[in-house]
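Structural characterization, general
Read off the chains here:
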Amino acid sequence: MAKARKPAAKPESPLIPQVGDKVIPERSDSTWVITHVSSDGKEVSLNLPGTNLERFRVSSDTLKFVDRKPPARTSNPFTNAEPAFDATQALERIRIVQSENLQRLDDDIAILIKYLKSEGASKSVLETLESLSNEQHASWQATIERIDELMNS
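Structure report, in brief. (Residues numbered from 1 in each chain as written. Predicted model: local features only at pLDDT ≥ 70, side-chain atom pairs only at ≥ 80, totals over all residues. Heavy atoms only, no water.)

Digging into the sheet that holds strand E5 (residues 64–67)
To keep things clear, this is the line we draw: Strands pair, by our definition, only if DSSP identifies at least two bridges between them. A run of H or I in DSSP counts as a helix once it spans at least four residues, and a run of E counts as a strand once it spans at least two, with each numbered from the N terminus. To obtain each axis, a line is fitted to C-alpha atoms, and for helices this fit is confined to the stretch in contact; angles are then taken between N-to-C directions over 0 to 180 degrees.
Taken in spatial order, the five strands of this open sheet run E4-E3-E2-E1-E5, and their pairing is antiparallel. The open sheet has two free edges, formed respectively by strand E4 (54–59) and E5, since each of these has just one partner strand. Averaged over all pairs of adjacent strands, the angle between strand axes in this sheet comes to 45 degrees, irrespective of strand direction.

Spelled out as structure tokens, the structure:
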């Protein structure tokens, strides 16, 4: 009669160390924290919490894992990795910048015009500064309209 075979036990996959895992190294009773893992995972650097003690290039085979950090979440191709772009909020922020920028420009030009008037500057110089302000307002308006058009298309 043939003997029933026991299914072969799956070999346990070795624990891959991760930064933040708490371990007890060989010949130690203290719990250390992994601060660096080599690219192949065979060596780690350890820190004894609350001290400046460090151990470098410790073989990960000699570690007893006490507390494991949860594995890093892998990205799911069916979910958005980043929050959706909110065009309304972005456009509102652009409008705020526009308003602040034009207010600052208008204030500076008003101060400059007042100064130039007191210094006896010609009327054409003052008109040129006023036209600069008008051009900036028109430029900002055209830019906002173009951005709004691009975001809503």
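So, the packing of aromatic side chains
Formally: Working definition: rings of Phe, Tyr and Trp (its six-membered ring) pair if their centres are within 6.5 Å, and the pair is stacked with planes under 30 degrees apart, edge-to-face with planes over 60 apart, and tilted otherwise. A ring is scored as having a charge over it whenever the NZ atom of a lysine or the CZ atom of an arginine sits within 6 Å of its centre and within 35 degrees of its normal.
Scanning all chains against the criterion turns up zero aromatic pairs. Over the ring of Trp 32 we find Arg 55, and its NZ or CZ is 5.5 Å from the ring centre.

Comments concerning helix H2 (residues 123–151)
What counts is decided by this rule: By definition here, a helix of n residues has an expected span of 1.5 Å times n minus one. Contacts were defined at the residue level, with two residues in contact if any of their heavy atoms lie within 4.5 Å.
Taking 1.5 Å of rise per residue, the 29 residues of H2 would be expected to cover 42 Å, and the 42 Å separating its terminal C-alpha atoms lies within 8% of that figure. Buried residues along H2 sit in contact with helix H1 (87–118).

A look at the nonpolar core
Applied cut-off: Buried residues of nine kinds, namely Ala, Val, Leu, Ile, Met, Phe, Trp, Tyr and Cys, make up a nonpolar core once their side-chain atoms join them within 4.5 Å. When a residue's accessible area, from a 1.4 Å probe over protein chains only, is under 20% of the maximum for its type it is buried; when over 50% it is exposed; and in between it is partly exposed.
Val 23, Trp 32, Ile 34, Val 44, Leu 46, Leu 48, Val 58, Leu 63 and Phe 65 form the largest nonpolar core, which has nine residues in total. Put simply, the parts of the chain that give this core at least two residues each are strand E2 (32–37) and strand E3 (43–47). Ranked by size, the runner-up nonpolar core spans five residues in total, among them Ile 109, Ile 113, Leu 116 and Leu 126.

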